[in-house]
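Coordinate analysis (summary)
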Amino acid sequence: MNTIYIALILLLLVILLYFYRRVVRPMRIIADGMDLLREQDFSSRLHTVGEPKADRIVGMFNQMMAELKEERLRLIERNYLLDLLVEVSPMGVVMLDFDNHITSLNPAAAQFLDCTAECVGKTMAELPNDLARRIAALEDGMIETFSMSNASIYRCTRSSFIDRGFLHPFILIESLTQEVMDAEREAYGKVIRMISHEVNNTMAAIGSIMETVSDELTEMPDTEELTTALHACTARSREMSAFITRFADVVKIPEPCLQPVPLNSLVTANRQFVESLCRAHGIMLRTSLCDDAPQVRMDVALMTQVLVNVVKNGIESIDEKKADGGEILITTTASPVSLTVTDNGIGISPETEKKLFSPFFSTKPHGHGIGLLLVREILTRHRFRFSLKTGNDGMTRFWIQFPDMED
C-alpha cells in the first residue's frame, strides 16, 4: 500500500512539474514580458523555457523588443536633430497651445518678437511688439508678409500639425529684410548709375555750350534777355547734375569706419547746425541728453548725415502740418543706449509706415525719397536697430538703438 502511495505521489510530482514547465512557467514569462512592455523597458529580453511553442513566442517577443528599441533610438535621434535644427534655425518658430498661448519659441523667434522666456504663457496679442500683434490676426493656413516701421520685412505663416489626434498650432517667421534690401540695392543701383552717367554727360555738354554762347552774346548788342535766359538754363543744368549726384551718393555709401565715440557728442557737435535749420522754419529745437554718456562704435561722418536727415524729415513734417508751435526734441538714453528724434509734425499713417524706407518713396509733393533711403542704408551697415512711427500721442519718433560696447 505504501508503495502505491509513493508511486502516486511521484506521479503527481511529475505531472505538477510537467504542468509547471508547460503552462505555469511560460505564462510567467509572458507576464514578465507584459511588465517590460508596460514599463517600456525595451533593453531587457526573455529567456527560453525549453518548451517549443513557448520558446517560439519568447523569440518573437525578443525580436519585437529589439525592433522597438531600435525604432525608439531612431525616434530620439530624429527628435534631437529636429530640436537642434529648430534651435539654430534662422527662421522663427513659435509653438502655441489650443488657447493660442505660447508654449515655446526658438532664439530666432525671440529676437524677431523682442521677447524672452517670460513670453511663454502669453498670447501674441499680449506681447508689446508690432509684429506679434499683426501675427495675432492670422488664421490657420494664412501666409502674410509684413513691412515694419524699422524697414524690416517678415513673411509669417500660421499652420498646425496633428499629434495624438489633436491639431497643434504653430507660427513660422521668416526674415526677408536682407534679401529684399539686396535686391532693391542691386536694382536701383543699376538704374541710378545709368541715369547718372547719361544725365551728367548730357548736362556737362549742354552747360559748356550754353556758357560759350553766353560769352559770345555778351559782346553783341540787345542780347540781355537772351543772356539772362541762358544763365538760367545753365543754372538749371547745374541743379540737375547736383540732383543726380545726390541720387548716385546712395549707391556710393562707404563701409562704416567704426570708432568709439560718446553718444552725446554726436548731438552736441551738430546742435548748432541743426538748430539753424530749425530756426529758419520757426521750429524750436530742444535736447535732453543723458548724464552718463555711453560710448558707441560708429562712423561719425555717416551718423552725422543720419542725424541731419532725420531732423530735416521732422522739419518737413512740421511744415506740412502748417501749425504754430513746431518743436523737435533730441533725446539720448544710457539704458538702453539709444537716440530718439521726436517731432510734433503731421504724423505717419499706418499705410505710409509700411513704405517709409522703400526706395524713392516720398509723401512730399517735391520729395524724391532719398533721405530715408540713405538713413536706412547707413544704419543697416552699422547694424543699429531703428524705427520710425507715430505714437498714440500724435508724436513722431525716429528711434535708434545702439549695441553696448561690450557686445
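Scoring rules and cut-offs
Residues numbered from 1 in each chain as written. Predicted model: local features only at pLDDT ≥ 70, side-chain atom pairs only at ≥ 80, totals over all residues. Heavy atoms only, no water. Helix = DSSP H or I, 4+ residues; strand = E, 2+ residues; numbered from the N terminus. Buried < 20%, exposed > 50% of the residue type's maximum accessible area, 1.4 Å probe, protein only. Pairing = 2+ DSSP bridges. Phe/Tyr/Trp six-rings, centres within 6.5 Å; stacked < 30°, edge-to-face > 60°. Axes fitted to C-alpha atoms, helices over the stretch in contact; angles between N-to-C directions. Left-handed = near helix turned anticlockwise from the far one by under 90°. Contact = heavy atoms within 4.5 Å. Nonpolar A, V, L, I, M, F, W, Y, C, P; charged D, E, K, R; others polar. Patch = residues over 30% accessible without salt bridge, like charges linked within 9 Å, V, L, I, M, F, W, Y side chains within 5 Å. Areas by Shrake-Rupley, 256 points an atom, 1.4 Å probe, with all protein chains shown as cover. Salt bridge = Lys/Arg side-chain N within 4 Å of Asp/Glu carboxyl O. Core = buried A, V, L, I, M, F, W, Y, C linked by side-chain atoms within 4.5 Å.

1. Details of the overall build of the protein
In terms of helices and strands, the protein carries 10 helices and 12 strands. In the protein, which comprises 407 residues, the share counted as buried stands at 35%.

2. What to know about the pairing of strand S10 (residues 337-343)
Counting buried residues along S10, seven of its seven residues qualify, which places the element largely inside the surrounding structure. Across the two faces of S10 the burial is the same, with Val337, Leu339, Val341 and Asp343 and Ser338, Thr340 and Thr342 all buried. The pairing of strand S9 (residues 327-334) with S10 spans seven bridges and is antiparallel. Across the sheet, residue threonine 332 finds its bridge partner in S10, namely leucine 339. Linking S9 back to S10 in an antiparallel pair, the connection comprises two residues.

3. Points about the packing of aromatic side chains
The final tally for this structure, using the stated rule, is four aromatic pairs. Between phenylalanine 386 and phenylalanine 398, the ring centres sit 6.3 Å apart and the planes meet at 10°, which makes this aromatic pair stacked. In this pair, phenylalanine 386 is assigned in strand S11 (residues 385-390) and phenylalanine 398 in strand S12 (residues 396-401), connecting sequence segments 12 residues apart. The exposure classification of phenylalanine 386 matches that of phenylalanine 398, with both residues buried.

4. Focus: the packing of helix H8 (residues 300-321) against helix H10 (residues 371-382)
Relative orientation of the contacting elements H8 and H10 amounts to 145°, with a least axis distance of 9 Å. The way H8 lies across H10 gives a crossing that is left-handed. Where H8 approaches H10, its residues Leu302, Met303, Gln305, Val306, Asn309, Val310 and Asn313 are matched on the opposing element by Gly371, Leu372, Leu374, Val375, Ile378, Leu379 and His382. Partitioning the contact of H8 with H10 into residue classes produces nine nonpolar, five polar and no charged.

5. Notes on the environment of leucine 230
Note that leucine 230 resides in helix H6 (residues 224-250). Expressed as a C-alpha distance, the spacing of leucine 230 and isoleucine 209, which sit 21 residues apart in the sequence, is 10.0 Å.

6. Quick word on the sheet that holds strand S3 (residues 143-147)
With respect to topology, five strands assemble into an open sheet ordered S2-S1-S5-S4-S3, the strand pairing being antiparallel. Unpaired on one side and paired on the other, strand S2 (102-105) and S3 mark the two borders of the sheet. Each neighbouring strand pair of the sheet contributes to a mean axis angle of 25°, computed without reference to strand direction. Where strand S1 (residues 92-96) meets S2, three bridges bridge the pair, whose relative direction is antiparallel. The residue of S2 that forms the bridge with valine 94 is leucine 105.

7. Some thoughts on a nonpolar patch on the surface
A contiguous nonpolar patch, built from Ile4, Tyr5, Ile6, Leu8, Ile9, Leu10, Leu11, Leu12, Leu13, Ile15 and Leu16 and spanning about 1,100 Å² of accessible area, is present on the exposed surface. Position of tyrosine 5 among the secondary structure elements: in helix H1 (residues 2-39).

8. What about the sheet that holds S10?
The sheet built from five strands is open, its strands ordered S7-S9-S10-S12-S11 with mixed pairing. In this open sheet, the two strands that pair with only one neighbour each are strand S7 (284-288) and S11. Mean inter-strand twist for the sheet, computed between neighbouring axes without regard to direction, equals 10°. On the sheet, helix H7 (residues 263-279) packs against S7, S9 and S10 and is oriented at approximately 170° with respect to S7.

9. Quick look at the pairing of strand S5 (residues 166-175)
Regular strands place side chains that alternate from one sheet face to the opposite one. Bridge analysis of S1 against S5 gives four bridges, and the strand direction is antiparallel. Looking across to S5, one finds that valine 93 is bridged to leucine 172. Here 10 bridges tie strand S4 (residues 153-163) to S5, and the two strands are oriented antiparallel to one another. By the bridge assignment for S5, arginine 155 is matched with glutamate 174. Where S4 folds back on S5, the antiparallel hairpin that results is connected by two residues, among which arginine 164 adopts a positive phi of roughly 60°.

10. Considerations on the environment of methionine 395
You can see methionine 395 is positioned in the loop between S11 and S12. Judged by relative accessible area, which is 25%, methionine 395 ranks as partly exposed. Spatially, the C-alpha atom of methionine 395 lies 7.3 Å from that of glycine 345, the residues being 50 residues apart in sequence. Aside from chain neighbours lying at most four places away, what touches methionine 395 is Thr342, Asp343, Asn344, Lys389 and Thr390.

11. Structural notes on the nonpolar core
Met303, Phe398 and Phe402 are the most contacted members of the largest nonpolar core, which has 41 residues in total. Sorting the residues of this core by element identifies H7, strand S8 (295-298), H8, S9, S10, H10, S11 and S12 as the ones contributing at least two each. No other element matches H8, which puts nine residues into this core. Beyond its immediate sequence surroundings of up to four residues, methionine 303 is in contact with Leu266, Met298, Ile378, Leu379, His382, Phe384, Ile400 and Phe402.

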